[in-house]
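Close look at the chain arrangement
Single-letter residue listing:
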Amino acid sequence: MTDELFRKDSYLRECDAAVVAVEGQSVALDQTVFYPLGGGQPGDSGSLTWGSRSTRIVDTRYGDSGEILHFLEDDSPLPPLGEIVHLELDWDRRYRHMRMHTAMHLLGAVLKYGVTGGNISADKSRLDFDMEDSVDKEAVGAALQALVEEDHPVSCRWISDAELDANPELVRTMSVQPPRGKGEVRLLEIEGVDLQPCGGTHLKSTAEVGKVRIGKVEKKGRRNRRVNIHLDD
Ligand SMILES: [Zn+2]
């Protein structure tokens, strides 16, 4: 298994790591700062360097055994097993993912409907809501921006299934029910705004989201409204 450094500190941009497996054009390492595709958030890209060699990491995904695979560009050289390599994120892209991801939690707090899907990218993100009502773009946009500017602290913590069972009121306050059976769950809390299980990478406070704008609202069926958001900067 890969030690997932981004879970403890989403602001880490680089690290050294040892190569533990090479499969095709992908490399597994003993630890990484690269987030793998999941929860609607894209896998990270960046660079991998060893000795005098450097190559691009074009995507990051979980492998079949739960290890994190770093996909190198086609025809690039591969580091040998056991080699110590240096990893560095495309930070501008990842930071936009963090701003978008945190903004999505805020959007879910403004529109208190069930969320049926979502997708994050550096340019545009969307959440699908189980709702029949129309969306007042101006009001939702203003409420979203207000939550950003109130600068709520954002934090993560792990909680065991036993603690969840002992605190049923905690589960009731969550906007999304936690998955059970893995022993523990990672909770994301935006103080006073949102509490829910989430494994993505977030900002440390909502003000870092910056200027956010509601884009197109699409009607994707009688009970589905797709709300797009953009970052303006
Ligand atoms: Zn999240």
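Conventions used here
- Throughout, residues of each chain are indexed from 1 in the direction in which the sequence is written.
- Local features are withheld for residues below a pLDDT of 70 in this predicted model, meaning they are given only at 70 or higher, and side-chain atom pairs are given and counted only at 80 or more; totals for whole chains, interfaces and linings count all residues.
- In computing side-chain values, all of the structure's heavy atoms are included and hydrogens and water are not.
- For helices the rule is a DSSP run of H or I covering at least 4 residues; for strands it is a run of E covering at least 2, with both sets numbered from the N terminus onward.
- Computation of the radius of gyration draws on C-alpha atoms, with the globule rule given as 2.2 Å multiplied by the number of residues to the power 0.38.
- Throughout this description, buried means an accessible area under 20% of the type-specific maximum (1.4 Å probe, protein chains only), exposed means over 50%, and partly exposed covers the range between.
- Here, residues are in contact when the closest pair of their heavy atoms is within 4.5 Å.
- Donor atoms are limited to N, O and S found within 2.8 Å of the metal ion, a distance that becomes 3.2 Å for Na, K and Ca. With water left out, some sites might look partial.
- Between 85 and 135 degrees for all angles marks four donors as tetrahedral; over 155 degrees for opposite donors together with 65 to 115 for all other angles marks four donors as square planar and six as octahedral; every other arrangement is irregular.
- Here, expected helix span is obtained from the residue count minus one, scaled by 1.5 Å.
- Here, the arc refers to the directions that run from the helix axis to the C-beta atoms.
- DSSP bridges decide pairing: two strands pair if at least two such bridges lie between them.
- The angle between two axes is taken between their N-to-C directions and runs from 0 to 180 degrees, where each axis is a line fitted to C-alpha atoms and a helix contributes only its stretch in contact.

**Some details on the overall build of the chain**
The secondary structure content of the chain amounts to 5 helices and 15 strands. Compactness check: the chain gives a C-alpha radius of gyration of 19 Å against a globular reference of 17 Å for 233 residues, within 12% of the reference. On the principal axes, the C-alpha backbone points of the chain span a range of 55 × 45 × 35 Å. For the chain, the residues scored as buried account for 47% of the 233 residues in total. For the chain, restricting intrachain contacts to residue pairs at least 6 apart in sequence, the fraction spanning at least 24 positions comes to 62%.

**Looking at the coordination of the zinc ion**
Within the protein, H101 (NE2), H105 (NE2), C198 (SG) and H202 (NE2) serve as the donor atoms for the zinc ion, at 2.0 to 2.1 Å. Coordination at the zinc ion is tetrahedral: its 4 donor atoms span angles of 100 to 125° at the metal. All donors of the zinc ion belong to a single chain; written as a sequence motif, their spacing is H-x3-H-x92-C-x3-H. On the criterion of sequence distance, the pair formed by H105 in helix α2 (residues 91–110) and H202 in the loop between β13 (194–197) and β14 (212–219) is long-range, its members being 97 residues apart.

**What about the side chain of S26?**
In this structure, S26 sits in strand β3 (residues 26–29). Not counting the four nearest positions on each side in its chain, S26 is found in contact with A21, L69, H70 and F71.

**Quick notes on helix α3 (residues 137–149)**
Spanning 13 residues, α3 covers 18 Å between terminal C-alpha atoms, matching the ideal 18 Å at 1.5 Å per step. What α3 keeps buried is the set V140, G141, L144, Q145, L147 and V148. End-on, the buried residues of α3 take up no more than an arc of 155°, which puts them together on one face. Among the exposed residues of α3, those oriented more than 90 degrees off its buried face are E138 and E149. Check the buried side of α3 and you find it contacts α2, β14 and β15 (225–231). Within two residues after α3, D151 carries a phi angle of roughly 55°, on the positive side.

**A closer look at the sheet that holds β13**
The strand order across the open sheet formed by 3 strands is β11-β12-β13, and the pairing between neighbours is antiparallel. The open sheet has two edge strands, β11 (154–160) and β13, and neither has a second partner. Here the average twist between neighbouring strands, direction ignored, is 25°. Here β11 runs beside strand β12 (residues 184–190); their pairing, made up of 7 bridges, is antiparallel. Among the inter-strand pairings, C156 is bridged to a residue of β12, identified as L188. Strand contacts of α2: β11, β12 and β13, with the helix running at about 80° to β12, the strand carrying the most contacts.

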